[in-house]
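Okay, here's what each chain looks like letter by letter:
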Amino acid sequence: MESLGLISLIFLIAVVGLGFWRKINIGILAIGSAIILGKIGGIGDKAILQGFDATMFITLVGVTFLFGIAQINGTLELLAKKAVALVGNKTYLVPIIIFIVTGVLSAIGPGNIPIGALMTVVAVTIAVYMKQNPILLALVAKLASNGFAMSPLTPAGIIGLRLGERAGYSNFIMPVMYNVILWSLVLLVGFLILFRDKEKKVGDIKNIKIENLETFDKNQKITMTGIAIMMILVIGMGINVGLASFFVASILLAMKVCNEKKALSSVPWGTLLLICGVGVLMNIVEQLGGIEIISKGLLSIMTPRTAAPIISLTSSVLSFFSSTTGVVMPTMIPALPNIVHNFPGTVSFIELQSVVITGSFSAAFSPASTGGGLILAAYMASTDSTQEEQNKLFGKLFTIAIGCVILNIALSAIGLYKLF
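This section reports on the structure supplied with the text. Here the residue index of a chain counts from 1 through its sequence in written order. Side-chain atom pairs in this predicted model are given and counted only at pLDDT of 80 or more, local residue features only at pLDDT of at least 70, and totals for whole chains, interfaces and linings cover all residues. As a convention, hydrogens and water are excluded, and side-chain values are obtained from all of the structure's heavy atoms.

### Describing the overall build of the chain
A run of DSSP states H or I qualifies as a helix once it reaches four residues; a run of E qualifies as a strand once it reaches two. Both are numbered from the N-terminal end. In terms of regular secondary structure, the chain is built from 22 helices and 0 strands. For the chain, whose C-alpha radius of gyration is 21 Å, the value lies close to the compact-globule estimate of 22 Å for 420 residues. With respect to the three principal axes, the spread of C-alpha positions in the chain is 70 × 50 × 45 Å. Counting all 420 residues of the chain, 55% fall into the buried class. Long-range contacts, defined here as pairs at least 24 residues apart, represent 79% of the contacts in the chain between residues at least 6 apart. Here the Shrake-Rupley method, with its probe set to 1.4 Å, supplies the accessible areas, and only the displayed protein chains count as covering residues. On the chain, roughly 18,000 Å² of surface is accessible, and the fraction owed to carbon and sulfur atoms is 66%. Distance between charge centroids for the chain: 3 Å, based on 27 positive and 18 negative side chains. Computation of the radius of gyration draws on C-alpha atoms alone. For the globule rule, the value is 2.2 Å times the number of residues to the power 0.38. Three labels apply to residues, based on accessible area from a 1.4 Å probe with only protein chains included: buried if under 20% of the type maximum, exposed if over 50%, partly exposed otherwise in between. Contacts are assigned to residue pairs that have any heavy atoms within 4.5 Å of one another. Charge convention: Lys and Arg are scored as positive, Asp and Glu as negative, and His as well as the terminal groups of each chain are ignored. One atom stands in for each charge, and that atom is NZ of Lys, CZ of Arg, CG of Asp or CD of Glu.

See the structure below:
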């Protein structure tokens, strides 16, 4: 059985490595390799297909589709700009407003991927117009989209919740969310300190006047009402967030608030296939004992004091080369219960899941990742920078990512994520 577990891990490493090297969707590779691994392990097709989480897929599609509508018809972008305009002459508050607006937009449903993409571009655009530091605002936007991404309404929160429930845990997602928000607040302070002198050198800072922005049109008002209804259905009535999102989205489409084809194309189908495809492979890896081998390997170098820092480092390293929601969480979270059981009373599932996510998100500022890549692309598109400046920014973002990883290891070591 142990040899099958090792073979399954080799398959997993090969799939992630090949996908990263050849720029192929890892989810597609995962499903394809699951057939081979299943045959090697004597697992039938029906058992292989059970690894595809249909409930999670429907939930993720519903949420991303609803907020795709809000993005396509301009609701989210205009809402963000109006919020920034509220600071008036207090332009020093702009990073804080960007952080709060991005965090709220991420937490109410879209999550870190679409809101990170949208608000990074919005933040850089606002920074260039207001003559503020675009790197600072872009980092703040990406930080907030990740920091509030573990809400039970978001894709990342849904994935974390499903993985934790499969491991036998309950009532953990809100404390995990609070820990990840705490991580983002610590990094926010760090970014504001790091860029404080550069902010002062920009000079001639302008402010966005709310009277210069267009008003919400009929379709945007209907969209905001729909999102509010979705939240009431989920929080107030306990309806599945995916089903509630589909219900509201169907009404919005019937009312013609946006182009249906564009809304459908805004759903990150590739990302959803990545997440669910890796789930198919991970289900087989777990059945063949691969997860147990990962747990034993980590336990062999852990003590109660080093458990959280080691998990943080491992998650960060994985995140430099793969997706947080698609690879890191499905790989690391199933290995946590065994670690918790071996250190009873000293580490908790909430702490370790928080560390998996904050460690992974800390590496997300790397320009080799989606988040860092978006910052780089948005900056280059909005500032007319040279190739030399692009190379410098690439190195700067990579250094920032490494610094964030080291900081999170230190925060894990001092037990910050034991607070909730």
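Still more to cover.
### Things to note about the nonpolar core
The definition of a nonpolar core used throughout is a set of buried Ala, Val, Leu, Ile, Met, Phe, Trp, Tyr and Cys residues joined through side-chain atoms within 4.5 Å. Core analysis: the largest hydrophobic core is formed by 143 residues, its most contacted members being Ile69, Ile98, Met119, Leu139, Met150, Ile311 and Phe365. Here this core takes 10 residues from helix α10 (residues 173-194), the largest share from any one element. Leave out the neighbours within four places in its chain, and Leu139 touches Phe191, Phe195, Phe365, Ile375, Leu397 and Ile400.

### Quick look at helix α17 (residues 307-321)
Taking 1.5 Å of rise per residue, 15 residues should cover 21 Å, and α17 covers 22 Å from first to last C-alpha, within 8% of that figure. Listed in full, the buried residues belonging to α17 are Ala307, Ala308, Pro309, Ile310, Ile311, Ser312, Ser315, Ser316, Ser319 and Phe320. Summarising the contacts, the buried residues of α17 are in contact with α1 (2-22), α16 (290-299), α18 (324-332), α19 (336-342), α20 (349-362) and α22 (387-413). By definition here, a helix of n residues has an expected span of 1.5 Å times n minus one.

### Observations regarding the packing of helix α5 (residues 75-85) against helix α12 (residues 218-237)
Helix-helix packing is described using two parameters, namely the angle between the two axes and the distance between the axes. Lines fitted to C-alpha atoms define the axes, with helix axes restricted to the stretch in contact, and inter-axis angles between N-to-C directions lie between 0 and 180 degrees. The geometry of α5 relative to α12 is characterised by a closest axis approach of 10 Å and an angle of 90° between their N-to-C directions. Between α5 and α12, the crossing angle belongs to the class labelled roughly perpendicular. Where α5 approaches α12, its residues Thr75, Leu78 and Leu79 are matched on the opposing element by Gln220, Thr223 and Met224. Of the residues assigned to the contact of α5 with α12, the class counts are 3 nonpolar, 3 polar and no charged. Angle categories are assigned with fixed cut-offs, so that under 35 degrees is roughly parallel, over 145 is roughly antiparallel, 65 to 115 is roughly perpendicular, and the rest are oblique. Note on residue classes: Ala, Val, Leu, Ile, Met, Phe, Trp, Tyr, Cys and Pro are nonpolar, Asp, Glu, Lys and Arg are charged, and everything else, Gly too, is polar.

### A short note on the packing of aromatic side chains
Geometry of aromatic contacts follows a simple scheme: Phe, Tyr and Trp rings, the Trp one being its six-membered ring, pair when their centres are within 6.5 Å, and the pair is stacked under 30 degrees between planes, edge-to-face over 60, tilted otherwise. Using the criterion set out here, one finds 8 aromatic pairs in the structure. Aromatic pair Phe99 and Phe148: ring centres 5.7 Å apart, planes at 70°, arrangement edge-to-face. Taken together, the residues Phe99 in helix α6 (residues 94-107) and Phe148 in the loop between α8 (134-147) and α9 (155-166) connect sequence positions 49 residues apart. Like Phe148, Phe99 is buried. Both rings, one in Phe172 and one in Phe349, keep their centres 5.4 Å apart while their planes meet at 90°; by these two values the pair is edge-to-face. Placement of the pair is Phe172 in the loop between α9 and α10 and Phe349 in helix α20, with a sequence separation of 177 residues.

### Observations regarding the environment of Leu288
On the secondary structure map, Leu288 appears in the loop between α15 (269-287) and α16. Judged by relative accessible area, which is 4%, Leu288 ranks as buried. For the pair formed by Leu288 and Gly42, sequence separation is 246 residues and the distance between their alpha carbons is 9.7 Å.

### Observations regarding the side chain of Thr331
Relative to the elements of secondary structure, Thr331 occurs in helix α18. Two N or O atoms count as a polar contact when they lie within 3.5 Å, although within protein this holds only if one can serve as hydrogen donor and the other as acceptor, and sequence-adjacent residues are included solely when both atoms are side-chain atoms. Of note is the side chain of Thr331, whose polar atom sits 2.7 Å from the backbone oxygen of Val327. In contact with Thr331, other than residues within four places in its own chain, are Leu12, Met282, Ile291 and Ile294.

### What about the environment of Val317?
Inspection of the secondary structure puts Val317 in helix α17. In sequence terms Val317 and Val405 are 88 residues apart; their C-alpha atoms lie 8.9 Å from each other.

### Here's the deal with α6
Relative to the 20 Å expected for 14 residues at 1.5 Å per residue, α6 spans 20 Å between its end C-alpha atoms, a close match to the ideal helical length. Check the buried side of α6 and you find it contacts α5, α7 (112-130), α8 and α10. Looking at the residues trailing α6, positive phi occurs at Gly109, about 160°.

### Some details on the packing of α5 against α7
Where α5 meets α7, the axes come as close as 11 Å, and the angle between the chain directions of the two elements is 40°. If you check the angle between α5 and α7, you find them oblique. Both α5 and α7 take part in a crossing whose hand is right-handed. Contacts between α5 and α7 involve Leu76, Glu77, Ala80 and Val84 from the former and Ile115, Leu118, Met119, Val122, Ile126 and Met130 from the latter. When its residues are assigned to classes, the contact of α5 with α7 shows 9 nonpolar, no polar and 1 charged. Crossings are assigned a handedness: left-handed for a near helix turned anticlockwise from the far helix by less than a right angle, right-handed for a clockwise turn.

### Here we look at the pattern of salt bridges
Put simply, a salt bridge is a Lys or Arg side-chain nitrogen that is within 4 Å of an Asp or Glu carboxyl oxygen. Evaluation of the coordinates by the stated rule reveals 6 salt bridges. Between Lys39 and Asp45 there is a salt bridge; the shortest N-O distance is 3.2 Å. When its relative accessible area of 52% is taken as the criterion, Lys39 is described as exposed. Across the pair Arg166 and Asp53 runs a salt bridge, and its minimum N-O distance is 2.5 Å. Taken together, the residues span a long stretch of sequence, with Arg166 in helix α9 and Asp53 in the loop between α3 (45-49) and α4 (54-72) at a distance of 113 residues. Residue class for Arg166 comes out exposed when judged on its relative accessible area of 53%. Each of Asp53, Arg162 and Arg166 takes part in a single network of salt bridges with overlapping partners.

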